[in-house]
Each structure stands twice: as C-alpha cells, then as structure tokens.
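Listed below are the residues making up each chain.
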Amino acid sequence: MLEHHRLKALLPHRHPMLQVDRVLEVDPGRRIVAVKAVTATEPCYADLPDDAPHAAHAYPVSLLLESLGQAGALLWALSTEHDDATPLLGAVRDFAVHGAAYPGDVLRHEVHLDHATPDRALLRGETRVDGRLIATVPLVLGLAVTTTTT
Amino acid sequence: MSFAKPLTAVEGVTAHGDGFRCARTVRADDPYLGGHFPGNPVFPGVFTVETVYQAARAAAGGEVVLVGVRSARFTSPVVAGDTLTVDFTLAPEDDRIAVDARCHVEGLDTARVRLHLGREAASA
C-alpha cells in the first residue's frame, strides 16, 4: 500500500488536481488498484446553489477520467524509470460512463498496463463505487510523456 | 444526472458553419490549475473534454448528459493565456447524439474530441 505522501513523489499533480488518495495494491508492470474519496469540500461543489438537486452533485466525468488516468500514471511510474517527465493524457478511446459518484463515495480504480514504451503507455481500467461499475476504458488510455512542459 | 462542473468551461456557444463554436481563455487562476501544475499552469486534457461537453450540452438544449468519450486525442498542450477554440458538430446516432470537435489555439490543433451524449435519466 502507498499512502498519499508517496504519490507526490511519483506524480507532479498537486492539490486539488491530485486525484488519487491511496494505492491499495500494485503489481509493477501489470496492475494497480487505487482509491480516491469524493468529498463535498472539493472545488467542483463550491458554486452549487443550495437548492441544487442530487443529480447536480454527480462527480464530474472529466475529474473521474483524470483520477482513473492518474491511477494509470502511477502504475506506469512504478513500472519504469522516467525521471522528471510529466505524464500527460495522450489519447482516450471508448471511455464509457455507466453511473455516477457522489460526495461520500470512494472511487476504486483498477488499471492494467498492456504495453509501455519509454514515452508511451497503453492501459485499460475501470472504476467502481462499492462494487457498482461507474466507468470503463476497455481499449486504450495513452499517456504521453513530455520532458519539457511549456 | 447533470454532473457537477469542475469549472465553467464555456463562455458562450455560437453557430459556426455547419455546427457550433465556443472559445474560452485559460487563466492561471482557473479552478484546479494551481495543482496542474504548481508554477506551470497547463489546461488538463480532461478539461478540454469538459469544455467540449459543456458546449455540446448547451448547443443540444441542455437535456443531455455525457455517456461516453468515443475518442480523444491530445496533440498540443493548452497553457494559461491561450484562448481555446472548439468547433464542433452534433449528429443524431440511434438514441444518442454524436459530438465531433476540433479544438485549437490560434489555428494550431490541440485536440480532437468525439463524445456521445445521451438523454437525461441515466441511472444514478
């Protein structure tokens, strides 16, 4: 298990964009299980009006994808040496949204590394909340590494 | 469900050619950018997806939600100060709407994003 402080050494993302809280399991080169707790204190909920319905509190799909992608980036970082490179989302294909997560839910990501080159990783993953399927990326999630971040 | 918004990604959508256009200037003090990355604000690729989603939802009349990202390819980073322009089309596809978006900054392509929108009332 890797606690949050270890993740900061592996990813350049920081609060509030570091979207993984803890790594539960990792099998370098193969598989990772990571969690992120959704809370009402996050910036995405700051401007919701008091009368906003439950549905308006669904965690943004963009941040869900970011969180899943960061779990993949952690797996990649734990599987290879890429020094100070910044992992950036290169490509996504067939990311399917099956449900929604709300404040109080814990996202559980499981990501598999299918193929990695020095500057690119092909991954696939899924996200569940209490066993309920929230999202899947059945084919490809690419992460392009650029050492120069302009 | 309509999903919360990590940031207001769209400032207005206008008709453009066969589809629509929206533009948004990225600011270093936009929500979340302080952590992406400290001292080096880069508009996250997922926020380009968010921008396309919010713009397409507005153009479609609002009663639709994001059900999938068919494909997204990011070819050039978008940084603070850039004005991200999104040109997109909407096309009915079975019971969904297919969105095809070209994202660019001053003519330089930054991403191609294709989404599926579905009717509201997906299971919570």
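Refer to the structure above for everything that follows.
Reference entry: report on the structure contained in this document. For every chain, the first residue of its written sequence is number 1, and the numbers climb from 1 along that sequence. Chains and ligands are labelled sequentially in the order written, the chains with letters from A and the ligands with numbers from 1. It should be noted that, the model being predicted, local features are given only for residues of pLDDT at least 70 and side-chain atom pairs only at 80 or more, the latter also being counted only at that level, while totals for whole chains, interfaces and linings use all residues.

### Thoughts on the overall build of chain B
Let me state the cut-off plainly: Secondary structure counts use DSSP, requiring at least four H or I residues in a row for a helix and at least two E residues in a row for a strand, with both numbered from the N terminus. In this treatment the radius of gyration is a C-alpha quantity, and the globule benchmark scales as 2.2 Å times the residue count to the 0.38 power. Every C-beta atom is placed from the backbone, and the number of other C-beta atoms within 10 Å of a residue's own sets its class: buried at 20 or more, exposed at 12 or fewer, partly exposed in between. C-beta atoms are placed from the backbone for every residue, and two residues are taken to be in contact when these atoms lie within 7 Å.
Counting its secondary structure elements, chain B contains 1 helix and 8 strands. Put simply, chain B runs from its N terminus to its C terminus through helices and strands in the order β-β-β-α-β-β-β-β-β. Taken against the 2.2 N^0.38 rule, which gives 14 Å for 124 residues, the C-alpha radius of gyration of chain B at 14 Å falls within 12% of a compact globule. Principal-axis analysis of the C-alpha atoms places the extent of chain B at approximately 45 × 35 × 25 Å. Taking all 124 residues of chain B together, the buried fraction comes to 47%. Relative to all contacts within chain B whose residues are 6 or more apart in sequence, the contacts with residues 24 or more apart total 71%.

### So, the environment of R124 of chain A
All names here are of chain A. Summarising the element assignment, R124 is placed in strand β5 (residues 120-129). Judged by the 18 C-beta atoms lying within 10 Å of it, R124 is partly exposed. Once the C-alpha coordinates of R124 and D94 are considered, the two residues, 30 residues apart in sequence, prove to be 10 Å apart. When residues no more than four places from it in sequence are discounted, the contact partners of R124 are H112, D114, V137, P138, L139 and L141.

### Brief notes about the interface of chain A and chain B
Accessible area lost during the coming together of the parts is what is often quoted as the interface size. Worth spelling out the cut-off: All residues other than Ala, Val, Leu, Ile, Met, Phe, Trp, Tyr, Cys, Pro, Asp, Glu, Lys and Arg, Gly among them, are scored as polar; the first ten of these are nonpolar and the last four charged. For two strands to be treated as a pair, DSSP must find no fewer than two bridges joining them.
Facing the 37 residues of chain A at the interface are 33 residues of chain B. Of all elements in the fold, only α2 (61-79) and β3 (86-97) of chain A reach the threshold of two or more residues within the side of chain A that touches chain B. Of the residues in the side of chain A that touches chain B, the class split is 24 nonpolar, 9 polar and 4 charged. With 5 bridges connecting them, β3 of chain A and strand β4 (residues 64-74) of chain B associate as antiparallel partners. Its bridge partner lying in β4 of chain B, V92 of chain A is registered against A72 of chain B.

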